Amino acid sequence: MAKLKELALPKEKFVGGHRGCAGCGAAIIARQVLMAAENPVVVGCATGCLEVFSTIYPYSAWKVPYIHNAFENVAATMAGVEAAYKALKRKGKITKDLRFIAFGGDGGTYDIGLQALSGMIERRHRVLYVCYNNEAYMNTGIQRSSATPRGAHTTTSPAGKVIPGKPQLRKNLTEIVIAHEPAYAAQTTFAYWNDLVTKVRKALNADGPSFLNIYAPCRLGWAYPPEKTVKISKLAVETCIWPLYEYENGKYRITVKPKEKKPITEFLKLQGRFNHLFKWKDQLPIQEFQKEVDYIWERLLKRAEAS
Ligand SMILES: Cc1ncc(C[n+]2csc(CCOP(=O)(O)OP(=O)(O)O)c2C)c(N)n1
C-alpha cells in the first residue's frame, strides 16, 4: 500500500499550469498515474481533452518523454515504442529499465482506438493502457460515445420529447479487454487514490500488456459544480455504477466493496446530464439503468466468488 508522504516526495511528473477545467477528472488521473510510476516512463497520448489542455505549444504539463498521436492509434504507437526499446536494450544501447504508458479518452479507446488496443494486447506488448473514461467525446463538444450510460444527455443524444438522452446501454470495455487475457486489467477511480496507485504499480510491473479503465468525472460534460468531482467519483463506486475490481492470472477480485450499495439516483441527481430522467414518464430509463447496474454487479460478485 502506498503512503501519501512517500508519493509526495519525488518531483511531480504531471504539473499544474495546464488548461484543464477546474475539477477535471482526467487531470487528477494523469497526476496520480505518474505519481505511482516507480520506473522512468514514456507516455503516449491520443487526441482528446487530456492532450489538448496539457500540451499547448510551447508549453507542456508532462515532465516525462511524451508523444502525441492521432485519435485512433495511441496503443499502436506505444507498441512500436516498446518494440524499439526492446531491440535497443538487447543491443545494449539502453540500460535503464523503462515503462510505457498510453493514455486515451473513452472515445479514443472504446470506439475509434479499440482495434489498436486489441492488437497491442494480442501481440503482448508490455504497455500500460490507461483509458480516462469521462463517458463522452468532451473536447469536441460532448458527443455520446459507446461509454456514455443509458439516459445521459449529450449533444448527439439530446434529451427532449423524443428520447430521454442516450437510448443504448454502455459498452463493457473492461470485459472486452479481459477476453484478451491481458497480464493485468482493472477498473479504478481517483477518489480511491490508494486503489488507483496500487493498480498502476501492479499494471506497470506485470509481465505483459495491462489495462486500466479509470472513471473520470467531467464537470463540464456531466454538468456539476467543480468542487463535486471527488464526491461524484466516490458515489460512482458506492452505487456500483463503477465497480472497482481487478483481473489477474484468470482471477477476478473486487478491491472496494461498498458497505451499503446506494441507489443510482444518488449519483444521477447531482448531474445536469441526467436532470430530465427524473421528469420522464414512469422514470423508466432510471429503472432500466438500475437494472443494468445490478446485473453487472451481481455477475461480478459471482465471478469474484468463483475465482
Ligand atoms: C479520426 C478522427 N476522427 C475524429 C477526430 C476529432 N476528434 C478529436 S478528439 C475527439 C473526441 C475525443 O473524445 P475522447 O477520446 O472521449 O476524449 P475526451 O475529449 O473526452 O477527453 C474527436 C471526435 C479526430 N481527431 N480524428
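Residues numbered from 1 in each chain as written. Predicted model: local features only at pLDDT ≥ 70, side-chain atom pairs only at ≥ 80, totals over all residues. Heavy atoms only, no water.

- By the naming in an unreviewed UniProt entry, the protein chain goes by Pyruvate ferredoxin oxidoreductase and is assigned to candidate division WOR-3 bacterium.

### Looking at the pairing of strand β5 (residues 184–189)
- Buried residues dominate β5, accounting for six of its six residues.
- With burial as the criterion, each face of β5 is covered, one bearing Y184, A186 and T188 and the other bearing A185, Q187 and T189.
- Pairing geometry for β5 and strand β6 (residues 210–215), over six bridges, is parallel. Looking at β6, one finds that A185 is bridged to F211.
- With helix α8 (residues 193–205) bridging β5 and its parallel neighbour β6, the resulting β-α-β unit is right-handed.
- Two elements, β5 and strand β7 (residues 244–248), share four bridges in a ladder whose sense is antiparallel. Across the sheet, Q187 pairs through a bridge with Y245, a residue of β7. (Buried < 20%, exposed > 50% of the residue type's maximum accessible area, 1.4 Å probe, protein only. Helix = DSSP H or I, 4+ residues; strand = E, 2+ residues; numbered from the N terminus. Pairing = 2+ DSSP bridges. Right-handed = clockwise from strand over helix to strand, strands pointing away.)

### Some points on the nonpolar core
- If you look at the biggest cluster of nonpolar residues, it comprises 96 residues, and the most contacted ones within it are I101 and F267.
- It is helix α2 (residues 25–36) that contributes the most residues to this core, seven residues altogether.
- Setting aside chain neighbours within four positions, we find I101 in contact with V33, L34, V41, V42, V43, G44, M78, L128, V130 and L204. (Core = buried A, V, L, I, M, F, W, Y, C linked by side-chain atoms within 4.5 Å. Contact = heavy atoms within 4.5 Å.)

### Quick notes on the site of the ligand
- Every one of the 17 residues lining the ligand counts as a neighbour, but G107, G108, Y132, M138 and N139 are closest to it.
- Between an oxygen atom of the ligand and a main-chain N or O atom of C49, the distance comes to 3.0 Å.
- G108 is positioned with one of its backbone polar atoms (N or O) 2.8 Å from an oxygen atom of the ligand.
- Burial of the ligand by the surrounding chains reaches 74%, relative to a free accessible area of 590 Å².
- Counting residues per element, the shell around the ligand draws most heavily on helix α5 (residues 106–111), at three residues.
- When the residues that make up the shell around the ligand are grouped by side-chain class, the tally is seven nonpolar, eight polar and two charged. (Near = heavy atom within 4 Å. Polar contact = N/O pair within 3.5 Å; in protein donor to acceptor, adjacent residues only side chain to side chain. Areas by Shrake-Rupley, 256 points an atom, 1.4 Å probe, with all protein chains shown as cover. Nonpolar A, V, L, I, M, F, W, Y, C, P; charged D, E, K, R; others polar.)

### Considerations on the side chain of E82
- Examined against the element boundaries, E82 turns out to sit in helix α4 (residues 74–90).
- Residue classification places E82 among the buried positions, given a relative accessible area of 3%.
- Separated by 2.9 Å, the side chains of E82 and H125 make a polar contact.
- Dropping the residues within four chain positions of it, E82 is found in contact with F100, H125, R126 and V127.

### Things to note about α4
- Here α4 contains 17 residues, and its C-alpha end-to-end distance of 24 Å stays within 8% of the 24 Å for a straight helix at 1.5 Å per residue.
- Of the residues flanking the end of α4, it is G92, one or two places downstream, whose phi is positive at about 80 degrees. (Expected span 1.5 Å × (residues − 1).)

### Quick word on the packing of aromatic side chains
- Considering all chains together, one arrives at 14 aromatic pairs under this definition.
- Geometrically, the ring pair formed by Y215 and W222 is tilted, given 5.4 Å between the ring centres and 55 degrees between the ring planes.
- Of the aromatic side chains, those joined through ring pairs into one cluster are Y215, W222, W242, F267, F274 and F289. (Phe/Tyr/Trp six-rings, centres within 6.5 Å; stacked < 30°, edge-to-face > 60°.)

### Some details on the side chain of R170
- Note that R170 resides in the loop between β4 (128–133) and α7 (173–178).
- Here E135 takes part through its side chain, which lies 3.1 Å from a polar atom of the side chain of R170.
- Here the side chain of R170 touches I241 through a polar contact of 2.9 Å, landing on its backbone oxygen.
- Not counting residues up to four positions away in its chain, the partners in contact with R170 are E135, S146, A147, T148, P149, Y215, I241, W242, F289 and E292.

### A look at the pattern of salt bridges
- For the structure shown, the criterion picks out 18 salt bridges.
- Close ionic contact of R303 with E175 constitutes a salt bridge, the shortest N to O distance being 3.0 Å. Remark: E175 occurs in helix α7 and R303 occurs in helix α11 (residues 284–306); sequence separation between them is 128 residues.
- For E175, a relative accessible area of 15% gives the class buried.
- A salt bridge links D195 to K199; the nearest nitrogen and oxygen atoms lie 2.7 Å apart. Of this pair, D195 and K199 both sit in helix α8, four residues apart, which is roughly one turn of that helix. Comparing D195 with K199, the two get one shared label, buried. (Salt bridge = Lys/Arg side-chain N within 4 Å of Asp/Glu carboxyl O.)

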